[in-house]
Amino acid sequence: MPAFQPTADQFRAFRDFNHDGPIAQVNLLKFKDKAIYQPEDPEFEDGSTGQEAYMRYADAFEVMAEEAGGQCVFKGKAERFFIGDGDWDMVWINQFPNRKAFIATLNHAGYKDAARHREAGLLHQDLVVTHPVLAEK
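(A) Spatial organisation of helix H3 (residues 99–106). Within the span of H3, buried status applies to Arg 99, Ala 101, Phe 102, Ile 103 and Thr 105. Residues of H3 that are buried sit in contact with helix H1 (8–16), strand E1 (23–31), helix H2 (50–67), strand E3 (90–96), helix H4 (111–121) and strand E4 (122–130). Of the residues that open H3, the one with a side-chain oxygen 3.1 Å from the backbone nitrogen of Lys 100 is Asn 98.

(B) Highlighting the sheet that holds E3. Reading across the sheet, the four strands line up as E2-E3-E1-E4 and stay open at both edges, with antiparallel pairing between neighbours. Each edge of the open sheet is held by one strand with a lone partner, namely strand E2 (71–77) and E4. Across this sheet, the average inter-strand angle for adjacent strands is 15°, counted without regard to direction. Bridge analysis of E2 against E3 gives six bridges, and the strand direction is antiparallel. Bridge pairing in E3 places Phe 74 opposite Ile 93. In the packing of H2 onto the sheet, the strands contacted are E1, E2, E3 and E4, and the crossing angle to E3 comes to about 10°. Packing against the sheet, H3 makes contact with E1, E3 and E4, and its axis sits at approximately 115° to E3.

(C) Looking closely at the packing of aromatic side chains. Taken as a whole, this structure holds 13 aromatic pairs when the rule is applied. Both rings, one in Phe 31 and one in Tyr 54, keep their centres 5.3 Å apart while their planes meet at 45°; by these two values the pair is tilted. Pair noted here: Phe 31 is in strand E1 and Tyr 54 is in helix H2, with a separation of 23 residues, a long-range link. Comparing Phe 31 with Tyr 54, the two get one shared label, buried. Consider the rings of Tyr 57 and Tyr 111, whose centres lie 5.9 Å apart with planes at 80°: the pair is edge-to-face. Residue Tyr 57 is located in helix H2, and its partner Tyr 111 is located in helix H4; the two are separated by 54 residues in the primary sequence. In this structure, Tyr 57 and Tyr 111 share a single accessibility class: buried. Feature note: the residues Phe 11, Phe 14, Phe 31, Tyr 54, Tyr 57, Phe 61, Trp 92, Phe 96, Phe 102 and Tyr 111 constitute an aromatic cluster, connected by ring pairs.

(D) Representation of the side chain of Ser 48 in the model. By the secondary structure assignment, Ser 48 is in the loop between E1 and H2. Within the structure, Ser 48 has its side chain in polar contact with the side chain of Asp 46 (distance 2.7 Å). Discounting chain neighbours no more than four positions away, the residues touching Ser 48 are Lys 34, Ala 35 and Arg 56.

(E) Summary view of the environment of Trp 88. Position of Trp 88 relative to the elements: it lies in the loop between E2 and E3. Overall, the relative accessible area of 17% leaves Trp 88 in the buried class. Taking the C-alpha atoms as reference points, Trp 88 and Ala 24, separated by 64 residues in sequence, lie 19 Å from one another.

Procedures and definitions
Residues numbered from 1 in each chain as written. Predicted model: local features only at pLDDT ≥ 70, side-chain atom pairs only at ≥ 80, totals over all residues. Heavy atoms only, no water. Buried < 20%, exposed > 50% of the residue type's maximum accessible area, 1.4 Å probe, protein only. Helix = DSSP H or I, 4+ residues; strand = E, 2+ residues; numbered from the N terminus. Contact = heavy atoms within 4.5 Å. Polar contact = N/O pair within 3.5 Å; in protein donor to acceptor, adjacent residues only side chain to side chain. Pairing = 2+ DSSP bridges. Axes fitted to C-alpha atoms, helices over the stretch in contact; angles between N-to-C directions. Phe/Tyr/Trp six-rings, centres within 6.5 Å; stacked < 30°, edge-to-face > 60°.

The structure is reproduced here in C-alpha cells:
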C-alpha cells in the first residue's frame, strides 16, 4: 500500500525499539510527474518535476542529518528489479549513529521548510530501518 508518512504506531515502534546503536534507513521513492507546490510557495507552478522538488528536500535533509551525526551513504536512480518487481524512481540510504540522531533531524528548525519540497514532489515511499547484524561464527 503506498505510504507517505509513518503511522503513529510505526513511529512509536521505531522510537522505542531496543537497539541503541547505528541504523541505516533505506528509502524507496516514487515521485510525482509534476511537483505540486502550494500557492504561497515561491516554487508554485514553476514547472519543477517531482524529482526536482524532492531533491531540494534531500539536499536540505542531508545538511540537517550531518548536524545530528548522520550521513547519506547512497543515493541512486532505480534502474530495474533483478528479483521481484516494483515501481520506484530512486533509492536513498542514510545512516545515523542512533535513533535519537534521526529524530533530532526531524526536529531540526529547518525541517518544516524543507519538508514542503518533499510534499510537493513525493508520490509515495517505503522506508526500511536497518541495523547492523554481525555474522555468528
